[in-house]
Amino acid sequence: KRLTAHALIASPHQFFTLQRDMSRTTMYKNLMATLCAFALFFTSTLAQTAGPSKTPLKVGFVYVTPRLPVGWVHQHELGRLALEQTMQKQGLQVQTGFVENVSEGADAERVIRDMAQQGYGLIFTPSFGYMEPTMKVAAEFPEVKFESITGYKTAANVSTANARYYEGRFLAGIAAARVSKTGIAGYVAGFPIPEVIQGINAFTLGMQSVNPKAQVKLIWINAWFDPVREREAAITLMNQKADVLAFHTASEAVMVAAQERGKLAIAYHSDMRHIAPQAQLLAITHHWGDYYSLRAEQVLNGTWQSGNVWGGVREKMVQVGAFGPRLPGRVQNELMRLQRAIGRGSLQPFAGPILDNQDQVILARGQSLSDKEILNMNFLVQGVQGQLP
């Protein structure tokens, strides 16, 4: 209330009464302000300790080749995009980033370290040659989670994952034997690591399950991505009577060569019918979206743990399909039936008897290779014309 000077002078009692009331009001306001400040602090602190952080999880990807329309890196890029879509649907805060065409070794170590320094909380490194750089950087950043795709070394903050590509290779070998007129297939391979050796052997055993005399001619190029050398190897194999080609490299060069020469080829990593519409017999594809989304969600909710995942047909991480026009319908139906059998576990690609290409017995009849034996595979089966470097 407003009081005039006249009123205050005329009534000293009213003046002192008003002064007392104003003092009480000021004390009341100060008390309320203090209580409100405490309440805000308490609420904020409680929210920080009990609720999820609103800061987006940064998820990084390191790619060994450029991003191409098909191939190894393309499948992982599809996995990254699927992760973003899944997290958005679930209302989870995730931000992804990538660096492409990163060489294995020192360059990879630099890129992975840069990502960790930039605040990425989860980093996927999908190439075998990234394993050691990943382990080294992970030791420097224990709070960051790392996923070494195709690697085998783990740590408290490093997990590994891979797919059982050999399951698709076995089925592809059956298809190759069904259509081959020469009984000879060609195989262009990158590096002689167990994952690649598994595929060569499974493909050969698949062919031999249909044609016991089938042969697979092998050329190593010691590179994951070298379109010129991949093409040269494919042409060499076709000149050696291979009328079906398979490959474990990262470009579409083998498919293009087969298309130009009127031969058949097994697409790997991706469906390549738009590149080789007449040459593609089928495609062996691998899928990462579900796995990547799961691991990011686990980091966000605090349940991520180091482990080792090896998924295949059963987990839908590996699939055979995208059949070309030159694969008969009856063979397509056969492959889908056998793929379901592999998913159930009733069909084992590495079942005895198995001999290596030096005629040494690897596995007796009635036995199957264990996962440990498959993961450490270091021999080529009988029927493979080639050797391990």
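This structure is a prediction, so every number in the text was calculated from the model and none was measured.

## Points about the overall build of the protein
Within the protein, the regular secondary structure consists of twelve helices and 15 strands. Looking at the 389 residues of the protein, the share that counts as buried comes to 48%. On the protein, roughly 19100 Å² of surface is accessible, and the fraction owed to carbon and sulfur atoms is 54%.

## Overview of the nonpolar core
The biggest cluster of nonpolar side chains holds 112 residues, and the ones touching the most others in it are Phe-203 and Leu-282. In terms of residues, this core owes the most to one element, helix 6 (residues 165–179), which gives ten residues. Leave out the neighbours within four places in its chain, and Leu-282 touches Ala-172, Ala-175, Ala-265, Ile-266, Ala-267, Val-320, Gly-321, Ala-322, Phe-323, Leu-327 and Leu-335.

## Some thoughts on the packing of helix 3 (residues 72–89) against helix 10 (residues 289–301)
It is the contact of helix 3 with helix 10, at a shortest axis distance of 8 Å, that shows an interaxial angle of 50°. With respect to helix 10, the axis of helix 3 lies oblique. Of the two possible hands of crossing, helix 3 and helix 10 adopt the one that is right-handed. Of the residues in helix 10, those touching helix 3 at His-76, Gly-79, Arg-80, Ala-82, Leu-83, Thr-86 and Met-87 are Gly-289, Tyr-292, Ser-293, Ala-296, Glu-297 and Leu-300. Looking at side-chain class alone, the contact of helix 3 with helix 10 contains six nonpolar, five polar and two charged residues.

## Points about the packing of helix 4 (residues 106–117) against helix 5 (residues 131–140)
Direction vectors running N to C along helix 4 and helix 5 enclose 30°, while the axes themselves pass 9 Å from each other. Note that helix 4 runs across helix 5; the crossing there is right-handed. Residues Ala-108, Glu-109, Ile-112, Arg-113 and Ala-116 of helix 4 pack against Pro-133, Thr-134, Lys-136, Val-137 and Glu-140 of helix 5.

## Remarks on helix 3
Its 18 residues place the ends of helix 3 26 Å apart at the C-alpha level, agreeing with the 26 Å of an ideal helix rising 1.5 Å per residue. Looking one or two places after helix 3, you find Gly-91, whose phi comes out positive at around 70°.

## Some words on the confidence of the model for the protein
Within the protein, residue pLDDT values average 89, and 86% of them lie at 70 or more. The low-confidence segment residues 1–23, where pLDDT is below 50, has four contacts with residues more than four positions distant or belonging to other chains. Note that pLDDT drops below 50 for residues 33–53; the model gives that stretch one contact with residues more than four away or on any other chain.

## Some words on helix 9 (residues 253–261)
Of the residues making up helix 9, those classed as buried are Ala-253, Val-254, Met-255, Ala-257 and Ala-258. Buried residues along helix 9 sit in contact with strand 6 (184–189), helix 8 (227–239), strand 8 (244–248), strand 9 (264–269) and strand 10 (280–286). Following helix 9 by one or two positions, Gly-262 has its phi on the positive side, about 75°.

## Observations concerning the environment of Lys-316
Relative to the elements of secondary structure, Lys-316 occurs in the loop between strand 11 (308–311) and strand 12 (318–321). Owing to a relative accessible area of 57%, Lys-316 belongs among the exposed residues under this scheme.

## Some details on the sheet that holds strand 12
Judged by pairing direction, the sheet is mixed, and its seven strands sit side by side in the order 12-10-9-8-6-7-15 without closing on themselves. Across the chains shown, the open sheet's two edge strands, defined by having one partner strand only, are strand 12 and strand 15 (384–385). In this sheet, strand 7 (residues 215–220) lies alongside strand 6 in parallel orientation, the contact comprising six bridges. For Tyr-187, the partnering residue across the bridge sits in strand 7 and is Leu-218. Sitting on the sheet, helix 9 is in contact with strand 6, strand 8, strand 9 and strand 10, with an inclination near 160° to strand 9.

## Considerations on the pattern of salt bridges
Counted according to the given criterion, the structure contains 16 salt bridges. Of the charged contacts in the structure, one is a salt bridge between Asp-114 and Arg-110, with a shortest N-O distance of 3.7 Å. One end of the pair is Asp-114 and the other is Arg-110, both in helix 4 and four residues apart, which spans about a single turn. Assessed through its relative accessible area of 44%, Arg-110 is described here as partly exposed. A salt bridge links Arg-113 to Glu-140; the nearest nitrogen and oxygen atoms lie 2.8 Å apart. Of this pair, Arg-113 sits in helix 4 while Glu-140 sits in helix 5; the two residues are 27 residues apart in sequence, bridging distant segments of the chain. Judged by its relative accessible area of 39%, Glu-140 falls in the partly exposed class.

## Some details on the side chain of Ser-148
Note on placement: Ser-148 falls in strand 4 (residues 145–149). Those residues in contact with Ser-148, other than ones at most four positions away along the chain, are Thr-125, Met-131, Val-158, Ser-159, Thr-160 and Ala-161.

## Considering the sheet that holds strand 11
The strand order across the open sheet formed by six strands is 2-1-3-4-5-11, and the pairing between neighbours is parallel. Every interior strand has two partners, whereas the edge strands, strand 2 (94–99) and strand 11, have only one. The average angle at which neighbouring strand axes cross in this sheet is 15°, direction not considered. Sheet analysis places strand 1 (residues 57–62) next to strand 3 (residues 122–126), joined by three bridges and oriented parallel. Bridge pairing in strand 3 links Gly-60 to Ile-123. Strand contacts of helix 5: strand 3, strand 4 and strand 5 (158–163), with the helix running at about 170° to strand 4, the strand carrying the most contacts. Strand contacts of helix 10: strand 1, strand 2, strand 3, strand 4, strand 5 and strand 11, with the helix running at about 155° to strand 3, the strand carrying the most contacts.

How each quantity is defined
Residues numbered from 1 in each chain as written. Predicted model: local features only at pLDDT ≥ 70, side-chain atom pairs only at ≥ 80, totals over all residues. Heavy atoms only, no water. Helix = DSSP H or I, 4+ residues; strand = E, 2+ residues; numbered from the N terminus. Buried < 20%, exposed > 50% of the residue type's maximum accessible area, 1.4 Å probe, protein only. Areas by Shrake-Rupley, 256 points an atom, 1.4 Å probe, with all protein chains shown as cover. Core = buried A, V, L, I, M, F, W, Y, C linked by side-chain atoms within 4.5 Å. Contact = heavy atoms within 4.5 Å. Axes fitted to C-alpha atoms, helices over the stretch in contact; angles between N-to-C directions. Parallel < 35°, antiparallel > 145°, perpendicular 65-115°, else oblique. Left-handed = near helix turned anticlockwise from the far one by under 90°. Nonpolar A, V, L, I, M, F, W, Y, C, P; charged D, E, K, R; others polar. Expected span 1.5 Å × (residues − 1). pLDDT = per-residue confidence, 0-100. Pairing = 2+ DSSP bridges. Salt bridge = Lys/Arg side-chain N within 4 Å of Asp/Glu carboxyl O.

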